[in-house]
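Observations on the three-dimensional arrangement
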Amino acid sequence: MSTNSSDASLRQCLSHFATGVTVVTCADDAGRPCGITANSFSSVSLEPPLVLWNIAKSSNSLEAFLKARHFAFHVLSERQEPLSEHFARTDHTRFDHIDFEMSDEGVPILPGCIAVMRCSIFKTHDCGDHHIIIGRVERFEFGDGDPLLFFRSRYRSIADDRS
Ligand SMILES: Cc1cc2nc3c(=O)[nH]c(=O)nc-3n(C[C@H](O)[C@H](O)[C@H](O)COP(=O)(O)O)c2cc1C
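Please read all numbers here as calculations on a predicted model, not as lab measurements.

It is worth spelling out the packing of aromatic side chains at this point. Enumeration over the complete set of coordinates arrives at seven aromatic pairs. With centroids separated by 4.9 Å and ring planes inclined at 80 degrees, the aromatic side chains of Phe-41 and Phe-73 adopt a geometry described as edge-to-face. Of the two residues, Phe-41 is situated in the loop between strand 3 (33-38) and strand 4 (42-45) and Phe-73 in strand 6 (residues 70-75); the sequence distance between them amounts to 32 residues. Ring plane angle 75 degrees and centroid distance 5.0 Å describe the contact between Trp-53 and Phe-65, whose orientation is recorded as edge-to-face. Residue Trp-53 is located in strand 5 (residues 50-56), and its partner Phe-65 is located in helix 2 (residues 62-67); the two are separated by 12 residues in the primary sequence. The burial state of Trp-53 is the same as that of Phe-65; both residues are buried.

Printed below as a string of structure tokens:
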């Protein structure tokens, strides 16, 4: 165990918290689909049903998410690592070759995920170099399949832990 205080070391320390991986989607004010890979998802409350994530102020999608009234979390399956990498790239044509459907609220919904939570914006908080976005879960669905995991800056799967 090492003790350190630099930004790089803190990032490394934080990477020891294992998470799942989500793609968060919304539409910008021109109705164009936006999506970003995020592992900062957390559940907050059951009554009311609230969940959150954090978006970097440097993200090209920041304005779209701060203006959006609805967004969706997609919890990725272990087969969806390419989708995670796709939505982690800065690219304004991110949806050109991606399978999705627009929900009634105008939010892109991606198929093949192990869980989807459709949210309305509940609150946002300006917090350091990120904004915290809290969503109220309006509808959700989930199915079978193992999750894509992220630990120490690498993708993992549940099966890794058994070998
Ligand atoms: C596994 C993983 C988790 C990520 N989690 C977040 C996150 O929670 N919040 C965030 O703002 N960026 C996160 N990122 C980075 C964004 O996906 C990436 O910086 C962004 O998509 C780049 O494009 P943009 O500048 O257009 O947003 C994550 C990336 C990866 C690979």
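Moving on, there is more to tell.
Right, let's get into the pairing of strand 9 (residues 115-127). Of the pairings in the sheet, the one linking strand 6 to strand 9 comprises six bridges and is antiparallel in character. Within strand 9, the residue paired with Ala-72 across the bridge is Arg-118. Note: strand 9 against strand 10 (residues 130-142), 12 bridges, orientation antiparallel. Within strand 10, the position partnered with Thr-124 by the bridge is Ile-133. The antiparallel pairing of strand 9 with strand 10 creates a hairpin that spans two residues between the two strands, and Gly-128 there sits at a positive phi of about 60 degrees.

What counts and what doesn't
Residues numbered from 1 in each chain as written. Predicted model: local features only at pLDDT ≥ 70, side-chain atom pairs only at ≥ 80, totals over all residues. Heavy atoms only, no water. Phe/Tyr/Trp six-rings, centres within 6.5 Å; stacked < 30°, edge-to-face > 60°. Helix = DSSP H or I, 4+ residues; strand = E, 2+ residues; numbered from the N terminus. Buried < 20%, exposed > 50% of the residue type's maximum accessible area, 1.4 Å probe, protein only. Pairing = 2+ DSSP bridges.

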